[in-house]
Amino acid sequence: MAELYLETGGGVLDGASNAVPASPDTKKRQVQVEALQNKVLQDLMVRVEMLEKQKVKTDYEIERLQKSIAFIQSGLKEP
């Protein structure tokens with residue numbers, strides 16, 4: 001991917017078709033770059049999903065703790 005970036009002067013990231021060098025390996029490299037980008041994107045999506053689930057759990061625990069603190073401060077016992 002780095003080689004393709006250098007060969008195209010960064011144009012590969014812009015999606016500019018005129019930035020791609022005319023060589024027999026161009027298609028193969030483009031497929032490799034796209035496959036790598038797709039894999040990275042999928043990995044990032046999995047990580048975002050995990051973070052979102054952790055956030056939901058953390059928010060629930062924070063709310064539970066806040067309720068417990070409120071009960072304690074009011075002198076009542078927790079249910």
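If you're wondering where the values come from, they're calculated on a predicted model, not measured in any experiment. (Residues numbered from 1 in each chain as written. Predicted model: local features only at pLDDT ≥ 70, side-chain atom pairs only at ≥ 80, totals over all residues. Heavy atoms only, no water.)

### Here's the deal with the overall build of the chain
- The helix and strand tally for the chain stands at 3 helices and 0 strands.
- Going residue by residue from the N terminus, the α and β elements of the chain occur as α-α-α.
- Residues counted as buried form 10% of the 79 residues belonging to the chain.
- Total accessible area on the chain stands at roughly 7,000 Å², and carbon and sulfur atoms take up 59% of it. (Helix = DSSP H or I, 4+ residues; strand = E, 2+ residues; numbered from the N terminus. Buried < 20%, exposed > 50% of the residue type's maximum accessible area, 1.4 Å probe, protein only. Areas by Shrake-Rupley, 256 points an atom, 1.4 Å probe, with all protein chains shown as cover.)

### A word on helix α3 (residues 26–74)
- Taking 1.5 Å of rise per residue, the 49 residues of α3 would be expected to cover 72 Å, and the 71 Å separating its terminal C-alpha atoms lies within 8% of that figure.
- Buried within α3 are the following residues: T26, V33 and S68.
- Looking at the residues trailing α3, positive phi occurs at G75, about 85 degrees. (Expected span 1.5 Å × (residues − 1).)

### Let's talk about the environment of V33
- Its location among the elements puts V33 in helix α3.
- A residue is classified by how much of its surface remains accessible, and V33, at 6% relative accessible area, is buried.
- For the pair formed by V33 and A2, sequence separation is 31 residues and the distance between their alpha carbons is 9.4 Å.

### Concerning the confidence of the model for the chain
- For the chain, the average pLDDT comes to 83, and 81% of its residues sit at 70 or higher.
- α3 holds the highest mean pLDDT among the elements of the chain, 93, whereas helix α2 (residues 11–14) holds the lowest, 71. (pLDDT = per-residue confidence, 0-100.)

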